[in-house]
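A look at the structure
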Amino acid sequence: MRRKKEPEAGSASVPAGHHPPARPRPALRTAHSKGNHDCPAQAGLCRTADSITVTAHTTRFLVPEVHCPARERQSVSVVYSQFSGAGSTGVQWNGSSCTGVFVARLDLVQPTGETSGQETGSSRISPSSAPWSSRGIKLEYEGTSFSEWSVPEACHIQDKKLPTTELRCSSSGYHLIKPLVTGPDEEERYLFVDSSYICFLWYYKIIPTWENLFHAITIWVYDPENADPGELQRKAEQPSRNSIVLSTQLNTLGQQPTIYTIMKRKIYLPKALDDGTWLVLLPVAMDDVLNEIKGNLVTFEDCFVADLFFLLPFPIPTLPETPGFLPLTSQAGSQLITSTIACLPSVAIVVTEMETYQTNDSFQTWTTVRVPPNILSDAERQSVTQVIIFPQGIFFLINNILYLKAINGFKRLGRDENMPDNGIMGIITRKWCWTKYLLKREKIRSTMAIWTENEIYLQHGHLKFVRIVTTEELKNLLNLSPAATLTIQNVAYTGHPLEVSVLLNYCMTCTVTKKNFIMIYNEDSKQWVCQEFTLDVPIDSSLVQYFLFSATPELILKDKDRAYYCYHNFSVIGVLETPTGNGDLSALADGSIVHDVFIDYYGNILVKMENNILFYSKINVRESVKLHEWMSSTVRTAFLLNTSGETYLLSAFSNGTIHAQEYPLNLEVKSISHKTKEKCPYTALQNNINRIFYFLDKGENLVIWSQLIYPENYGLFTAVDYYGPKILKTKEQSYYEIAFGQCTKTLTLEFFQNINYEGADDYFKLQDQNMGLVLIELRPSQYSYTCTRAHKMFQVAVGCDAKKHIAVQGFSKENCLRHDFTYVIERSFLRDRPLNNLKVKYNWEEYGCPLRLDFTEKFHPVIQLFDDTVFVKEVEANFIVWEIHGRDDYSFNNTMKESGCLNEAQTWKSMIELNKHLPLEDVWGPENYRPCFSYAIGKPGDLTQPYEIINRTNNNHILWPFGQSGMYVFRVKILDPNYSFCNLTAIFAIETFGTIPSPSAYVVAAFLFILLLMFFTVLVLSYFRYMTIYRRYIYEPLNKPLGKSKTK
């Protein structure tokens, strides 16, 4: 059974750079300056729009009935238009002497007697000329102790004596709103209201078609003030009449939605508007689920349509609810236990004292997770201490034993999975979403860590666990005394995509105190690094580390009463101070202990006590402030991130129900900061960093800039933090100007490498030394918890991008008739001169379509570079080609001398002679390339040999044997050692054909004439020779008779 809750508000962003006359509306967040992207990575969960973030609809949440021992439960609601930012919307009071909760929301109420801004028979909706006072704010108070409302003079209230009334404010700014009640005073709130030029929002409806691996997304524009309840509650299946008219009008003006994917940076255009909606088709991709709907820069009634960030659903099955199965719960009196998938924050699980609930949509709907009877005892079922959710299943830690609940059943894990049968102290998964990272040695990184007191295991792949270390090995690594006691306190993944940390307990006598210190393990290099951090704590203390989303290791540690901070790679360490100055959070929380520390991508830090008292801080800030009380101390709560990277509060009640509502963190902080007069030291922090992951290959550079605007005489600057191997060179330029009391400092950074790989003694070793992952962070030198964003972090991966590849221009694997065929290469054409001919079957999938050339045509390959499917440029570097089946009956038209060689150049023949032990494709490459253009390299030789190296401009062509048709399958390889870390190769096929031309008739006649002339010449000469012989011997016999000789 699926249970529904009120849907969450969406979020959106405004096009930057356009500032029409603002249409007055209550808003809860000021516009960001252009370039200041509130971008929770990824995830990355990355919002790149330069603008206000707003919430898509107005929803009012009321808490269930809570009994108050001192006085009856009372609550106040102010329902408001949820135009909000990171942390979202809402104001809430909590009674000081009772468990009653007082909720405040704001809502836009259409004035009585007006026509909702729509004229009959006209498409004009929500005119911008409407005054501010026409934007109503509904106030509502629940309870019997209400006396009247206390509101500022700038706001007009219909009847302050009524618990439910309407408020209109004629100006923006902070407004003090407070319910006056009999009995103890309620806490006052400072409600921040701002004018906004955001008037319209995108609405999207996703229709998944898993069988076609595509999402069909229907999109339209709606006005929150004139929308149907279904649109406001995100339940609409089709647009309302007002939305159809509005979308049609905007389409006429040139508006249309375009979907930009955050991770792969692809663009998807819509089909033509049909019945007030646009249709966009998106492929299903696990690594590209973060998207943003952006419109054209079109205004209607001086209003923009806000850009909308959203998360595509992925087909992760929820476990079915089987009748008769029994619930898995936490121990009685324990707090909520939660887990989410880092890159799919809408997928979450929570374990309560009553049930375990799973959701795929941030608890808009959910299912219960139960186990078969008789598989666990009642005590075991009620002893869940930790949980982790994955697409493949859910891991439960029960009594130090790990179990897996999947679609195919529920089983206990142990030695069969290369992990302990029992004694497991904890399990953890990654918190931060990194879809891209660089691995030099390992193929995959781990997804989960488990640990005992003395061992740590990492999961590589589903149920494939590997032990990485024991405490005895760590003792030897740290040169600790064998008599010392070293145990594992906790394990956590850091903000780095390849690192995991371990918090260790160290002591000698282990009676009163112990030392805690931290080590970090890099999964790729397999190196352990001990950090410069030690902390003396009581022997029964149990610290837990929470790493922030930052470049250098930065974390918050919590025990029962305090929170500790470690900033800037453990160079700044201390206790998170409180307004009282002693850092004791429990003393300010009525003796309650710390339950959890919630950290988001924006650097917000929420320390939640077990009684729901909240303390707030910010990354790199050393103090905390106590926020307004929000929820009853008897309700179990937990903070989670929704699909927009914003915070929502999940509550579990004693009657077995759960409830999720947005938590207006930004608004709560504004109220507190206005009260304490705390201000951000800078006005704006802008930059051009539009992604969180950059690849740098050889010869490439990355240029970024950051601009800090602050009041004069503050002396701020942009600090740059680096974490990782020192493989990048940096050039910095700073610009400074002052105008109208504001200082502007612009920092420009260029990252590059200047390594020369040509002629390296060990090419591969030199490459490995200069590859790696560097995390870089830009931050202002001063900040406070009131700053919207205190840092900007991104990765620079120096190495080979797996999506980079080359292709030969003019060749493809399509648009040709494929058929099975084989061909024979005569043995005399093969390089090794075998005894038999070679028979080859043509592989269409690998070789593609062959190019047919006459054997009288010479061929010059043009190499193109691609990033995935996107063409980048034509390759100008040197490359070589060879026939993969061993043919060598082709040549090149350029000689070494014509190419400018001073010494004999490398050839396939010479390289094969030098590397007889290697296969043909490895005998020659960038690792052993030597140029021939220097007398210092190589040796003199025959420069009339063909030059076998080609590039884009040397006009070197491949020549075919005359009169011989054949099939050639070539592989091309980039030879330049300074071109890329990748081994860039491609295959192309050429089929040569042709006939020997017929000779000319004149040539034949001349040839025959010469033959006849020679014949008759010989005949005449032979005649005269015969006559000479005849005349000489006509009178003399040719043979004289033999006679007897006379003797004297």
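Presented here is a report on the structure given in the accompanying data block. Just so it is clear, the structure is predicted and the values come from calculations on it, not from any experiment.

1. So, helix H4 (residues 471-478)
When H4 is considered as a whole, its buried residues turn out to be Thr471, Leu474 and Lys475. Buried residues along H4 cover an arc of 105° about the axis, so they all sit on one side. Against the buried residues of H4 lie strand S34 (465-470), strand S35 (485-493), strand S36 (499-507), strand S37 (513-522) and strand S38 (527-538). Directly beyond the C-terminal end of H4, a positive phi value near 55° is found at asparagine 479.

2. Concerning the pairing of strand S54 (residues 729-739)
Here S54 runs beside strand S55 (residues 742-752); their pairing, made up of 11 bridges, is antiparallel. By the bridge assignment, tyrosine 736 is partnered in S55 with lysine 745. The antiparallel pairing of S54 with S55 creates a hairpin that spans two residues between the two strands, and phenylalanine 740 there sits at a positive phi of about 55°.

3. Here we look at a nonpolar patch on the surface
A surface patch of nonpolar side chains, amounting to about 790 Å² of accessible area, comprises Val1004, Phe1007, Leu1008, Phe1009, Ile1010, Leu1011, Leu1013 and Met1014. Here leucine 1013 shows up in helix H10 (residues 1001-1033).

4. A word on the sheet that holds strand S9 (residues 146-150)
Read across the open sheet, the three strands follow the order S9-S12-S13; overall the sheet is antiparallel. The sheet terminates laterally at S9 and strand S13 (189-193), the two strands that pair on one side only. Mean inter-strand twist for the sheet, computed between neighbouring axes without regard to direction, equals 25°. Across five bridges, strand S12 (residues 173-181) lies against S13 in antiparallel orientation. Looking across to S13, one finds that isoleucine 177 is bridged to arginine 189. Across the face of the sheet, helix H6 (residues 665-676) comes into contact with S12 and S13 while running at roughly 115° to S13.

5. Comments concerning the environment of isoleucine 776
With respect to the helices and strands, the residue isoleucine 776 is situated in strand S56 (residues 772-780). Along the primary structure isoleucine 776 and tyrosine 723 are separated by 53 residues, whereas in three dimensions their C-alpha atoms are 6.5 Å apart.

6. Considerations on the side chain of serine 706
Topologically, serine 706 is positioned in strand S52 (residues 701-711). Polar side-chain contacts of serine 706 include one of 3.5 Å to the backbone oxygen of glutamine 686.

7. A word on the packing of aromatic side chains
All told, the structure shown has 49 aromatic pairs when counted by the stated rule. Relative to tryptophan 844, the ring of tyrosine 842 lies with its centre 4.9 Å away and its plane at 70°, an arrangement referred to as edge-to-face. By the burial criterion, tyrosine 842 is buried, and tryptophan 844 matches it. A connected cluster of aromatic rings, assembled from ring pairs, spans Phe811, Phe859, Tyr890, Phe892, Trp960, Tyr968, Phe970 and Phe988. Between the NZ or CZ atom of lysine 294 and the centre of the ring of tyrosine 260, over which it lies, the distance is 5.2 Å.

8. Some points on the state of the cysteines
Within the structure shown, the criterion is met by eight disulfides. One disulfide in the model links cysteine 155 with cysteine 169; its S-S distance is 2.0 Å. Where cysteine 155 bonds to cysteine 169 through sulfur, the torsion about that S-S bond is close to 95°, and the disulfide is right-handed. Taken together, the residues cysteine 155 in strand S10 (residues 155-157) and cysteine 169 in strand S11 (residues 164-169) connect sequence positions 14 residues apart. Relative accessible area serves as the criterion here: at 7%, cysteine 155 is assigned to the buried category. On the basis of relative accessible area, cysteine 169 is assigned to the buried category, the value being 2%. Through a disulfide, cysteine 507 is tied to cysteine 510; the S-S separation comes to 1.7 Å. The sign of the S-S torsion, about 85°, decides the handedness of the disulfide formed by cysteine 507 and cysteine 510: right-handed.

9. A word on the pairing of strand S62 (residues 863-867)
Among the five residues that make up S62, four are buried, leaving the element largely enclosed by the rest of the structure. Relative to S62, strand S58 (residues 804-808) runs antiparallel, the two sharing five bridges. Each residue of the ladder has a partner; that of histidine 805, found in S62, is phenylalanine 866. Where S62 and strand S63 (residues 870-874) come together, four bridges link them in antiparallel fashion. Note that in S63 the partner of phenylalanine 866 across the bridge is phenylalanine 871. Between S62 and S63, which pair antiparallel one after the other, the connecting turn spans two residues, and aspartate 868 there sits at a positive phi close to 60°.

10. Some points on the nonpolar core
One finds Ile217, Ile259, Phe396, Val607, Leu627 and Tyr663 to be the most contacted residues of the largest nonpolar core, which totals 116 residues. Val881, Trp960, Leu975 and Leu984 belong to the second-largest nonpolar core, a separate cluster that totals 42 residues.

11. Things to note about the pattern of salt bridges
Opposite charge on two side chains allows them to pair when their charged atoms are near. Applying the stated criterion to the full structure yields 26 salt bridges. Its salt-bridge partner being lysine 294, residue glutamate 292 comes within 4.0 Å of it at the nearest N-O pair.

Thresholds applied
- Residues numbered from 1 in each chain as written.
- Predicted model: local features only at pLDDT ≥ 70, side-chain atom pairs only at ≥ 80, totals over all residues.
- Heavy atoms only, no water.
- Buried < 20%, exposed > 50% of the residue type's maximum accessible area, 1.4 Å probe, protein only.
- Helix = DSSP H or I, 4+ residues; strand = E, 2+ residues; numbered from the N terminus.
- Arc of directions from axis to C-beta.
- Contact = heavy atoms within 4.5 Å.
- Pairing = 2+ DSSP bridges.
- Patch = residues over 30% accessible without salt bridge, like charges linked within 9 Å, V, L, I, M, F, W, Y side chains within 5 Å.
- Areas by Shrake-Rupley, 256 points an atom, 1.4 Å probe, with all protein chains shown as cover.
- Salt bridge = Lys/Arg side-chain N within 4 Å of Asp/Glu carboxyl O.
- Axes fitted to C-alpha atoms, helices over the stretch in contact; angles between N-to-C directions.
- Polar contact = N/O pair within 3.5 Å; in protein donor to acceptor, adjacent residues only side chain to side chain.
- Phe/Tyr/Trp six-rings, centres within 6.5 Å; stacked < 30°, edge-to-face > 60°.
- Lys NZ or Arg CZ within 6 Å of the ring centre and 35° of its normal.
- Disulfide = S-S within 2.5 Å.
- Core = buried A, V, L, I, M, F, W, Y, C linked by side-chain atoms within 4.5 Å.

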